[in-house]
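Observations on the model geometry
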Amino acid sequence: MKILAVDDDPIILELLSHFVEVAGCHQLVTATSGRHALDLVYANEGAAFDCFLFDIQMPEMDGIELTQKIRGMKQFKDTPVLMLTAMSEKRYIDAAFSSGATDYVTKPFEITELTARLQLIDDLITTRRIKTDKIFAAQSPIAPYASSDSRSAIQLHDPISIYDVDNLVEYPAMENYIRQLARGSLFGSATFAFAVRKIEEHHAAMSSAEFSFLISDVAEVISDSLASHQFLMSYAGSGIFICVTESGWRPDMGALMDAVNLSLSRTELYDNSGQQLFVRVSAGEVVRLIWKCENSVMEAISAAYLSADEASAAHERSMNDLWLVPQRA
Amino acid sequence: MSMVSQELSGLDRIRTRFLHLLKERQANVAQHAMLAWESDDAATKRSNFQEAQMTLHQIAGTAGSLGFGDLGQTARECEDLIITYLDGPAFADNVLLNEIFTNLDAFVSKSQNLISHPS
C-alpha cells in the first residue's frame, strides 16, 4: 500500500517510517500538517494513496477536518483513513468516525498493533476491490448478463458501500467504532436496527446497481429520520441497517418506524424499467450497551440485527395470516 | 541485519532524537507553566495552559512507544488535567490548579532525570 501519514510531531513520523520500513511491505509518504498533506494529495493525483494515517490534534487543520476534505474528493471516498491519536475521549472517537474514519489507534502504539491494523486495512481494500468490480461488471454495457452471474452479482448479504449519507459509516468502520466505545463508558448508549421488508424479493428482481441505489435511498431516509439525534449507522447487508446512539436517548421504535415508512412513502422510488417500488422497513428492539465488554457489545449489535430481521419476518407472517383467516361479513 | 536488530537500531536513533527534543519541550512546558502560575489574568492563564497542553500531547503520544512509559503517563495526566481546566468555567477552583501545577512539576522533574541520565 502507498500510505500518507500526517502528524505535526516529527517523532511520530519517524516512528511510522521506521515501523513501515521494518514491516517491509508498504510505501510511506509523510506530511507535517493538513495543508502539506493536501498539497501532496493534489501533487500525487496520478499515483493516488491507498491508505491515510491522520493525527487528530494538529494546529490550523486538525485530522477531523482533513478527513472531511479527503472524503469530499471522489477518488478517496472509499480509501481507508486510520486515526492515529493520543485523544481517547469518546467525543474525539465519535467525531473521527462521523467524519469518515475507518479505524482508530490510540497512541502510544506498538509496532505489532500498527502492523496488524495495516494488515486489516490491506484486507479491506482487497475485499472492497472485488465488490467494486462486481458493481462495475453489473453496470457495464458490454456485460449485459453480468447481473445473472452469481459470482459477479452483489449478494444479498454483502454490506454495500454507501456514499454521502450523513452519519453513515461502512460496516468495518462501525465494528471498529464499537470496539473503541467498549473501551470507555457506554453509559447511555444503545443500538437498534431497521430491516427492509421483502428484501429477498427486491434483491432477486433487481440488478446489482439497482439494488445498490435502493439501499442508498433507504439509508438516506433513515439518516434523515434520525437527524435530530446523535447517532452512527451502517448497512450490515441483507437489507439491515444497524444504528448506535447515545446521550441517553431511548427511541420509541414504533414511532421511529412509522416516521421512516412515511418518509419512504413520500420518496418515490423506481427501478430502471420505471416501475414504482413499494419499500417499507420494520424496526427491531432497542438494546442498551451499558456496562458491556467488547464481546458483549458485539453480541448486542447482533441481537439488534436479529430483532429487526425477526420483526420483518413477523410482519410478513401477519400479512399472510390476514389473507388466510376467513373473513366474515 | 535481522528484523529485531533492525527494529532496535532504528528505535535507538529515534530515542536519541526524542531526548534531544525533550530538552526543548521540557523548557517550553516549564516556561508556560510558570507564566500561567504568575498570571492573575484568566485569558493569559488559559493561553499558556493551551501551549503547554500541545507539547504534553506530543510527548504523551510517543514516549510510551520509545520505552519512556512513565514520562508518557505523567505527560498524559498533566494533559488531561489541563483539558479539564480548559473545558471548565473561566475561573477554575484552586484545587484543580494546584493539582495541575503539582503534576507539571513532576513532569519537569522526570524529564530532567531522563535528559541528565538518558540510559
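What you see is a predicted model; the values in this text were computed from it and never measured.

Describing the environment of A:Val260
All names here are of chain A. Mapping Val-260 onto the fold places it in helix α9 (residues 253-266). The sequence separation of Val-260 and Ser-225 amounts to 35 residues, and the corresponding C-alpha distance is 6.1 Å. Filtering out sequence-adjacent residues up to four positions away, Val-260 remains in contact with Phe-194, Val-221, Ile-222, Ser-225 and Val-281.

Regarding the interface of chain B and chain A
Every contact between the two is made by 25 residues of chain B and, on the other side, 23 residues of chain A. Each partner contributes to the roughly 2,100 Å² buried at the junction of chain B and chain A, and carbon and sulfur atoms together form 56% of this total. Connecting chain B to chain A are three salt bridges. A salt bridge links A:Asp9 to B:Arg25, with the nearest nitrogen and oxygen atoms 2.8 Å apart. The interface formed by chain B and chain A contains six residue pairs in polar contact (both at pLDDT 80 or more). For the side of chain B that touches chain A, the elements supplying multiple residues, two or more each, are α1 (3-38), α2 (42-62) and α3 (69-87) of chain B. For the side of chain B that touches chain A, the element with the highest residue contribution is α1(B), accounting for eleven residues.

Description of the layout of surface pockets
Residues and elements named next belong to chain A. Computed from the structure, the second largest pocket encloses a volume of approximately 420 Å³. Along its surface, the second largest pocket is lined by 20 residues, and Arg-71, Gly-100, Ile-162, Asp-164 and Leu-168 are the ones closest to its centre. Looking at which domains feed residues into the lining of the second largest pocket, each of domain 1 (1-147) and domain 2 (154-329) gives three or more.

Cut-offs applied
- Counting restarts for each chain, with residues numbered from 1 along the sequence as it is written.
- The naming scheme follows written order: chains are lettered A onward, ligands numbered 1 onward.
- Local features are withheld for residues below a pLDDT of 70 in this predicted model, meaning they are given only at 70 or higher, and side-chain atom pairs are given and counted only at 80 or more; totals for whole chains, interfaces and linings count all residues.
- Excluding hydrogens and water, the side-chain figures rest on all heavy atoms present in the structure.
- Helical segments are the DSSP runs of H or I of at least four residues, strand segments are the runs of E of at least two, and each set is numbered from the N terminus.
- Working rule for contacts: check all heavy atoms of both residues, and any pair within 4.5 Å makes them a contact.
- Buried area: the accessible area, evaluated with a 1.4 Å probe, that two parts lose upon being put together, summed over both parts.
- Each salt bridge in this description consists of a side-chain nitrogen of Lys or Arg and a carboxyl oxygen of Asp or Glu lying within 4 Å of one another.
- The term polar contact refers here to a pair of N or O atoms within 3.5 Å; inside protein, the definition further demands a hydrogen-donor-capable atom paired with an acceptor-capable atom, and it admits residues adjacent in sequence only when both atoms are side-chain atoms.
- A 1.4 Å probe that fits but cannot get out identifies a cavity on a 1 Å grid over protein atoms alone, an open set with protein on both sides within 12 Å along at least five of seven lines counts as a pocket, and a residue lines either if it has an atom within 4 Å of a point.
- Grid points are joined across faces, edges and corners, and a volume is the space filled by probe spheres set on the points.
- The source of the domain bounds is an automatic or database domain assignment.

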